[in-house]
Amino acid sequence: MAHLRPLDREEMDDELQALYQHYENTRGFMPNSIRTMARRPNIAKRFGALNQAVLYEGTVSEELKMLVSLISSQASGCRYCQSHMANLSSIYKASDKKIAAVWEFESSELFSDAERAALRLAYKASLLPNEASDGDFAELAKHFDEGQVVEIVASVALFGFLNRWNDTMSTELETLPKQVAERALQETDWEVGKHQ
């Protein structure tokens, strides 16, 4: 059970209501994580701006950023974020087969060498203690320019915040990402857990 009730739309100021509408238009729902952050409107607003800059701007494909965020969430163990990133990976054209195989990125033929380099860094950077190495960055440099490396690391860092937020708050999982996770991750050990 969630530790705090997500705010309803009418409890938010005009700027957050506009953000609410944006999420409904692009995802079909407003994430409960942001609805909970909305108790401190500037946190929710600044998070929305950071989320936009990290995941939807730059030259690394949205599909890869979503898969990077998915493996980061898997390494961290946050079921809420795993389901959200399975949903967004699907929206950005990753197949259910690829989403389910992300944990086997090193051996799966579904992933390119560039994707492997990014996912390897995301996995290692999400462990505690952090295991990202010079070698991981040397591999990234074979496939990505420095600005793109910043985008990849920013995606991991963004989910460092979100994984801690949602796992700590036991954020209730919305219907749509739950359905996508149950479909796309059915052959993995994913379960809704405390986010019911």
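Structure first, text after, so check above.
The rules behind the values
- Residues numbered from 1 in each chain as written.
- Predicted model: local features only at pLDDT ≥ 70, side-chain atom pairs only at ≥ 80, totals over all residues.
- Heavy atoms only, no water.
- 1 Å grid on protein atoms, 1.4 Å probe; cavity = no way out; pocket = protein on both sides within 12 Å on 5 of 7 lines; lining within 4 Å.
- Points joined across faces, edges and corners; volume = space filled by probe spheres on them.
- Helix = DSSP H or I, 4+ residues; strand = E, 2+ residues; numbered from the N terminus.
- Buried < 20%, exposed > 50% of the residue type's maximum accessible area, 1.4 Å probe, protein only.
- Lys, Arg positive; Asp, Glu negative; His and termini not counted.
- Salt bridge = Lys/Arg side-chain N within 4 Å of Asp/Glu carboxyl O.
- Contact = heavy atoms within 4.5 Å.
- Phe/Tyr/Trp six-rings, centres within 6.5 Å; stacked < 30°, edge-to-face > 60°.

The full count for this structure, using the stated rule, is one cavity of 30 Å³ or more. Quantified by volume, the largest cavity comes out at close to 120 Å³. Arg27, Ser33, Phe47, His84 and Leu162 are, among the 16 residues lining the largest cavity, the residues nearest its centre. It is helix H5 (residues 79–91) that contributes the most residues to the lining of the largest cavity, five residues altogether.

Now for the side chain of Arg27. Positionally, Arg27 belongs in helix H1 (residues 14–27). Look at Arg27: it is buried, it has no salt bridge, and the nearest opposite charge is Glu174 at 7.5 Å. Discounting residues that sit within four places of it in the chain, Arg27 has contacts with Asn51, Tyr56, His84, Leu88 and Leu176.

A complete count under the given rule lists four aromatic pairs for this structure. Relative to Tyr92, the ring of Tyr56 lies with its centre 6.0 Å away and its plane at 50°, an arrangement referred to as tilted. Of this pair, Tyr56 sits in helix H3 (residues 41–56) while Tyr92 is found in the loop between H5 and helix H6 (96–100), placing the two residues 36 residues apart along the sequence. Look at Tyr92 and you get partly exposed, because its relative accessible area is 27%. Residues Phe161 and Trp165 carry aromatic rings whose centres are separated by 6.1 Å and whose planes lie at 25° to one another, so their mutual orientation is stacked. Linking Phe161 with Trp165, this pair stays in helix H9 (residues 146–169), spanning four residues, or about one helical turn. Among the aromatic residues, those joined into a cluster by ring pairs are Phe47, Phe161 and Trp165.

Between Leu128 and Pro129 the backbone carries a cis peptide bond, its omega angle lying at 0°. Mapped onto the elements, Pro129 comes out in the loop between helix H7 (113–125) and helix H8 (134–141). Of note in this structure, Lys93 is not a glycine but carries a positive phi near 80°. Relative to the elements of secondary structure, Lys93 occurs in the loop between H5 and H6. Here the phi dihedral of Ser170 falls at roughly 50°; this positive angle occurs in a residue that is not glycine.

This paragraph deals with the pattern of salt bridges. It is possible for side chains bearing opposite charge to pair when their charged atoms get close. Taken as a whole, this structure holds 15 salt bridges when the rule is applied. Of the charged contacts in the structure, one is a salt bridge between Asp8 and Arg35, with a shortest N-O distance of 3.4 Å. Linking Asp8 in the segment before H1 with Arg35 in helix H2 (residues 32–37), this pair joins segments that are 27 residues apart in sequence. The partly exposed category is assigned to Asp8, whose relative accessible area is 32%. In this structure, Lys124 engages Asp136 in a salt bridge whose closest nitrogen and oxygen atoms are separated by 3.2 Å. In this pair, Lys124 sits in helix H7 while Asp136 sits in helix H8, placing the two residues twelve residues apart along the sequence. For Asp136, a relative accessible area of 5% translates into the label buried. Because the salt bridges share partners, they merge into one network encompassing Arg5, Asp8, Glu11 and Arg35.

Moving on, we get to the environment of Val54. Topologically, Val54 is positioned in helix H3. A residue is classified by how much of its surface remains accessible, and Val54, at 10% relative accessible area, is buried. It is 26 Å that separates the C-alpha atoms of Val54 and Glu182, two residues lying 128 residues apart in sequence. Here Val54 is in contact with Lys65, Ala154, Ser155 and Leu158, once residues within four sequence places are set aside.

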